[in-house]
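The primary structure of each chain is shown beneath.
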Amino acid sequence: MISNNINLAIDYLKNDGIIGLPTETVYGLAGNAFSEKSIKKIFEVKKRPSFNPLIVHIKCQKELSKIAIEVPEKAKQLADAFWPGPLTLILKKQSTISDLITANQDTVAVRIPNHPIALELLNQLEFPLVAPSANPFTRISPTKAVHVEHYFKNEVDMVLDGGSCTAGIESTIVGFDDDKVVIYRLGALAVDEIEKVVGKVHFHSKKDEKTITPGMHLKHYAPSTNFILTHDVLETLTLFSGQKIGLLLFKATIENMNLNQQYVLSEKGSLEEAASQLFEALHQLDNENFDVIIAEYFPNYGLGLAINDRLERASRK
Ligand code: TXA
Ligand code: MG
């Protein structure tokens, strides 16, 4: 059930329920971070492997000391600069944080979401919320209440409606290794913005993903339709002649092709706008019964990096 009744959401959350939660990035599947029952339901409903840890959502920086210990100076600077916002910090966890949340690691992921309804809800609760993105494991992330409703129907108590997510792509995940700032997942906060605050960052190597960040699977965000990512759309089109093709494009349509088969993310060429439309476009294209969806690579800077990361994972076989 989709509803904008915050009081109802509070009731469910206080009673170990789980809800679809709007945030500025994507919708989350949220439950009480201190309820083992809620946490277990989240893993079950999402079909998420237990070794993939969850993000804790808090209402204000004061709450951080209840979740994490030893917050490095650079983490504080980033929190001051970007919270509430699409930045998740990986910090040493407090002993009160369940091993179910962290998948037995000694670190915990935490952020303050920048969405008026999420903040209003958190402000009325006495506990933080754990929330992974509200999509079944490996599927396209949800940026509208209806996406969550289609995926989970009666498996969630309700979906709290907060409209379309404005950022439209998940938070950027940042960890700390001594004095180094390490990007674990590209996301809605561009790396250049982070570097303006803490200087040069390091990138967590994809090779290490299986061992260190089990959750960041190479195949993810995947439509059911065959999905191809290319630097040269025209050439790739020739490989699929005779098939029903859907196109995912940055700024401009391809000439001599039916416009109904083409989804342009930002006519004005804004990477922010493109990111905000990305998952909605994938949901729509996936519902059109195309034989194949062909997407073009985005420019490799700013939010284009995060968009290409999602498209690469969506195209993994
Ligand atoms: O924008 C977002 O971050 C959204 C909204 C709902 O807040 N949430 C989200 O959660 O994307 P999820 O669970 O889909 O992705 C969280 C990622 C996972 O890949 C997980 O492996 C990683 O965060 N993660 C969580 N805790 C971690 C930890 N302690 N160390 C390393 N990675 C961690
Ligand atoms: Mg996710």
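Quick look at the structure, then. (Residues numbered from 1 in each chain as written. Chains lettered and ligands numbered in written order. Predicted model: local features only at pLDDT ≥ 70, side-chain atom pairs only at ≥ 80, totals over all residues. Heavy atoms only, no water.)

**Brief notes about the site of ligand 1**
Moving on, step 1. Taken together, 25 residues surround ligand 1, and among them T25, R48, H57, S133 and S171 come closest.
Moving on, step 2. The side chain of R111 places a nitrogen or oxygen atom 3.0 Å from an oxygen atom of ligand 1.
Moving on, step 3. Summarising the interface, the protein chains cover 98% of the accessible area of ligand 1, which totals 680 Å² for the free molecule.
Moving on, step 4. Secondary structure elements with two or more residues in the shell around ligand 1: β4 (55-57) and β7 (107-111). (Near = heavy atom within 4 Å. Polar contact = N/O pair within 3.5 Å; in protein donor to acceptor, adjacent residues only side chain to side chain. Areas by Shrake-Rupley, 256 points an atom, 1.4 Å probe, with all protein chains shown as cover. Helix = DSSP H or I, 4+ residues; strand = E, 2+ residues; numbered from the N terminus.)

**Describing the sheet that holds strand β14 (residues 245-249)**
Moving on, step 1. Strand order in the open sheet made by the four strands is β13-β16-β14-β15, with parallel pairing throughout. The open sheet has two edge strands with one neighbour each: β13 (226-230) and β15 (262-264). Strand after strand, the sheet turns through a mean of 20° between neighbouring axes, direction not considered.
Moving on, step 2. Two strands pair when backbone bridges link them, and β14 and strand β16 (residues 292-296) are joined in this way by four bridges, in the parallel orientation. Within the sheet, the bridge partner assigned to G246 lies in β16 and is I293.
Moving on, step 3. Where helix α11 (residues 271-286) meets the sheet, its contacts fall on β13, β14, β15 and β16, and the angle it forms with β14 comes to roughly 175°.
Moving on, step 4. Lying on the sheet, helix α12 (residues 303-314) is in contact with β13, β14 and β16; it crosses β13 at an angle near 135°. (Pairing = 2+ DSSP bridges. Axes fitted to C-alpha atoms, helices over the stretch in contact; angles between N-to-C directions. Contact = heavy atoms within 4.5 Å.)

Functional significance is not addressed by these values, which are geometric in nature.
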